[in-house]
Amino acid sequence: MKSTGYQNYGWRGRWLGWRNTMLGSPRFQRFAQSIPLLRPIARRRARALFDLVAGFTYSQILAACIETGLLDLLAEGPRDSASVALRLDLPIAGAERLLRGAAALGLVERLRGGWALGSDGAALRGNRGIGEMIAHHHLLYADLADPVALLRRGGGGGALSRHWHYAEAAGQGDSADVAGYSRLMAASQPLVAAQALDAYPLHRHRRLLDVGGGEGAFLSAVAARHDRLRLGLFDLPAVAARATQAFESAGLGGRTDVFGGDFLRDPLPTGYDIISLIRVLHDHDDAPAFALLRQIHAALPPGGTVLIAEPMARTPGAEPAGDAYFGFYLLAMGSGRPRSAGEIRAMLRAAGFVASRVRRTAMPLTTRVIVARRQ
Ligand SMILES: C[S@@+](CC[C@H](N)C(=O)[O-])C[C@H]1O[C@@H](n2cnc3c(N)ncnc32)[C@H](O)[C@@H]1O
């Protein structure tokens, strides 16, 4: 089919129109496959497209590996299919189907007629947070079963938003309600904390307040690196209570002050020269996100620092993580959106911050860091 309407959009529009007409043409596709020089490109693109089409199935194979404990089992040592079937409580045909699928995805691999952990399986096991994320994805995928309905209703209203209770009813959750998501956040925090602290060492600071600090996993990582920093945590009351317990049992009770409240309504505690927002801003729509930045501005002294760490939209090389994964995750959650570094810096400027900088992180796919100063 010939693309029309592109010619009104300058040279780039004309190029896109021509390119899309070619790529969509079965004749061109056959031609590309028949030319030895073009064939590898055609195969690569077909493979990438196939992965896009089949991605949900791959994710469900991964979910089955986590739910059955297959990766943990193979980490103990190689096994044959019969013993895997027995341990996972699967029929042998089911175990073999799972093992073959997982092998095709690099999660397990064949070893002398049996099965061993694969390289991606080993890397996944090395990170408990990813396992927890995968395990709770059944909520996200239930909501994404009808993505168009989710888009039409403007997000939320499904399994994931019930899990992230606070997103729709800030401050309403009791300790049992918030336990699940707080645990998940704490488990996935090491992915983020080390990167944020490598990107912005805190030596210059005296008192750090972590807003939306969850169970305190970030502050615990801070405490391990900086023994003189005084630490404060602000979160919803039910979550703050869990943080208090976690600090007590980690022996950090004497260095930490925990505040329960709603950061959209209650003023934040003052006396801190740096305030961090770790994976918090993107949970909120533009108006509350901006209100939160204004609250932080009001709580900081002149020259005080705000540190924002989260995955961001339009991150070069990680665009699908920001705009596709987090875009739809937050839609299902019913609140927030991933923002680009440029958008966050513009919000910071509008909220009265200056000298904002993006600090380099090792894995921008999961964590980018922006630091700015109150004038
Ligand atoms: C995505 S979690 C991030 C937790 C932690 N910073 C981390 O990275 O693991 C967002 C946190 O913000 C807290 N939160 C959300 N809305 C809030 C509000 N209105 N007032 C205070 N805390 C809130 C939640 O309870 C939760 O702990």
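Bear in mind that the values here come from a model prediction, so they are computed numbers and not experimental data. (Residues numbered from 1 in each chain as written. Predicted model: local features only at pLDDT ≥ 70, side-chain atom pairs only at ≥ 80, totals over all residues. Heavy atoms only, no water.)

Counting 27 residues, the largest nonpolar core has Val 211, Leu 277, Ile 296 and Leu 348 as its most contacted members. Elements supplying a minimum of two residues to this core: strand S3 (207–211), strand S6 (274–278), helix H16 (286–299), strand S7 (305–310), helix H18 (341–350) and strand S9 (368–374). Tallying contributions element by element places H16 first for this core, with five residues. With residues near it in sequence (within four places) discarded, Val 211 still touches Phe 234, Phe 263, Leu 268, Ile 275, Ser 276, Leu 277, Ile 278, Val 280 and Leu 292. The next biggest cluster of nonpolar side chains, apart from the first, holds 24 residues, and it includes Ala 193, Ala 196, Val 222 and Ile 278. (Core = buried A, V, L, I, M, F, W, Y, C linked by side-chain atoms within 4.5 Å. Buried < 20%, exposed > 50% of the residue type's maximum accessible area, 1.4 Å probe, protein only. Helix = DSSP H or I, 4+ residues; strand = E, 2+ residues; numbered from the N terminus. Contact = heavy atoms within 4.5 Å.)

Moving on to the packing of aromatic side chains. This structure, assessed with the given rule, holds five aromatic pairs. Between Phe 28 and Phe 31, the aromatic rings sit 6.2 Å apart at their centres with planes inclined by 40°, giving tilted as the arrangement. Of the two residues, Phe 28 and Phe 31 are both situated in helix H2 (residues 26–34); the distance of three residues between them amounts to about one turn of the helix. For Phe 28, a relative accessible area of 23% puts it in the partly exposed group. Considering the side-chain rings of Tyr 325 and Phe 326, the 4.9 Å spacing of their centres and the 85° angle between planes classify their relative orientation as edge-to-face. Judged by its relative accessible area of 23%, Tyr 325 falls in the partly exposed class. Site record: aromatic cluster; members linked through ring pairs are Tyr 325, Phe 326 and Tyr 329. The ring of Tyr 272 carries Arg 207 above its face, with NZ or CZ at 4.9 Å from the centroid. (Phe/Tyr/Trp six-rings, centres within 6.5 Å; stacked < 30°, edge-to-face > 60°. Lys NZ or Arg CZ within 6 Å of the ring centre and 35° of its normal.)

With respect to spatial proximity, 17 residues lie near the ligand, and among them Gln 189, Gly 212, Asp 235, Asp 262 and Ile 278 are the closest. Measuring from an oxygen atom of the ligand, one finds a side-chain N or O atom of Gln 189 at 2.8 Å. The separation between an oxygen atom of the ligand and a polar side-chain atom of Asp 235 is 2.6 Å. Computed on the free molecule, the ligand has an accessible area of 590 Å², of which 98% lies beneath the protein chains in the complex. (Near = heavy atom within 4 Å. Polar contact = N/O pair within 3.5 Å; in protein donor to acceptor, adjacent residues only side chain to side chain. Areas by Shrake-Rupley, 256 points an atom, 1.4 Å probe, with all protein chains shown as cover.)

Time to look at the pattern of salt bridges. Scanning all chains against the criterion turns up 13 salt bridges. Put simply, Arg 47 and Asp 51 hold a salt bridge, and the shortest N to O gap is 3.1 Å. Placement of the pair is Arg 47 and Asp 51 together in helix H3 (residues 39–68), with a separation of four residues, close to one helical turn. By relative accessible area, Asp 51 is classed as partly exposed at 24%. Across the pair Arg 337 and Asp 286 runs a salt bridge, and its minimum N-O distance is 3.0 Å. (Salt bridge = Lys/Arg side-chain N within 4 Å of Asp/Glu carboxyl O.)

Ordered by their spatial adjacency, seven strands build an open sheet running S5-S4-S3-S6-S7-S9-S8, and the pairing between neighbours is mixed. Strands with a single pairing partner mark the edges of an open sheet, and in this sheet they are strand S5 (256–260) and strand S8 (353–359). Averaged over all pairs of adjacent strands, the angle between strand axes in this sheet comes to 20°, irrespective of strand direction. Strand direction decides the pairing type here: S3 and strand S4 (residues 230–235), joined by five bridges, are parallel. From the neighbouring strand, Leu 208 faces S4, where its bridge partner is Leu 231. Strands in contact with helix H15 (residues 237–249) are S4 and S5; relative to S5, the strand with the most contacts, it is inclined by about 160°. Of the strands in this sheet, S7, S8 and S9 touch H18, which is tilted by about 160° from S8. (Pairing = 2+ DSSP bridges. Axes fitted to C-alpha atoms, helices over the stretch in contact; angles between N-to-C directions.)

Okay, the UniProt feature "domain: O-methyltransferase dimerisation" (unreviewed entry) in the protein next. Taking the UniProt record as the reference, the feature "domain: O-methyltransferase dimerisation" (unreviewed entry) is found at residues 51–110. Along residues 51–110 one finds 77% helix and 5% strand; the C-alpha atoms at either end are 22 Å apart. (UniProt positions renumbered as here; feature names shortened; annotations may be inferred.)

Relative to the elements of secondary structure, Arg 294 occurs in helix H16. On the basis of relative accessible area, Arg 294 is assigned to the partly exposed category, the value being 40%. Separated by 139 residues in the primary sequence, Arg 294 and Gly 155 have C-alpha atoms spaced 26 Å apart. Once residues within four sequence positions are removed from consideration, Arg 294 is found in contact with Ala 351 and Gly 352.

Each pair of packed helices can be described by the angle between their axes along with the distance between the axes. Interaxial distance between helix H5 (residues 81–88) and helix H6 (residues 92–104) falls to 8 Å at its minimum, and their mutual angle equals 105°. In terms of orientation, H5 and H6 fall into the roughly perpendicular class. Across the interface between the two elements, Ser 81, Ala 82, Val 84, Ala 85 and Leu 88 of H5 pack against Ile 92, Ala 95, Glu 96, Leu 98 and Leu 99 of H6. The residue makeup of the contact of H5 with H6, split by class, is eight nonpolar, one polar and one charged. (Parallel < 35°, antiparallel > 145°, perpendicular 65-115°, else oblique. Nonpolar A, V, L, I, M, F, W, Y, C, P; charged D, E, K, R; others polar.)

Each assigned domain of the protein is listed with its residue range as follows: domain 1 (35–125) and domain 2 (147–374). A straight line from the C-alpha centre of domain 1 to that of domain 2 covers 34 Å. (Domains from an automatic or database assignment.)

Extensive coverage of S3 is indicated by the burial of four of its five residues. Regarding the hand of the β-α-β motif, the stretch spanning S3, helix H14 (residues 217–225) and S4 is right-handed. In this structure, S3 lies alongside S6, joined through four bridges in parallel fashion. Among the inter-strand pairings, Leu 209 is bridged to a residue of S6, identified as Ile 275. (Right-handed = clockwise from strand over helix to strand, strands pointing away.)

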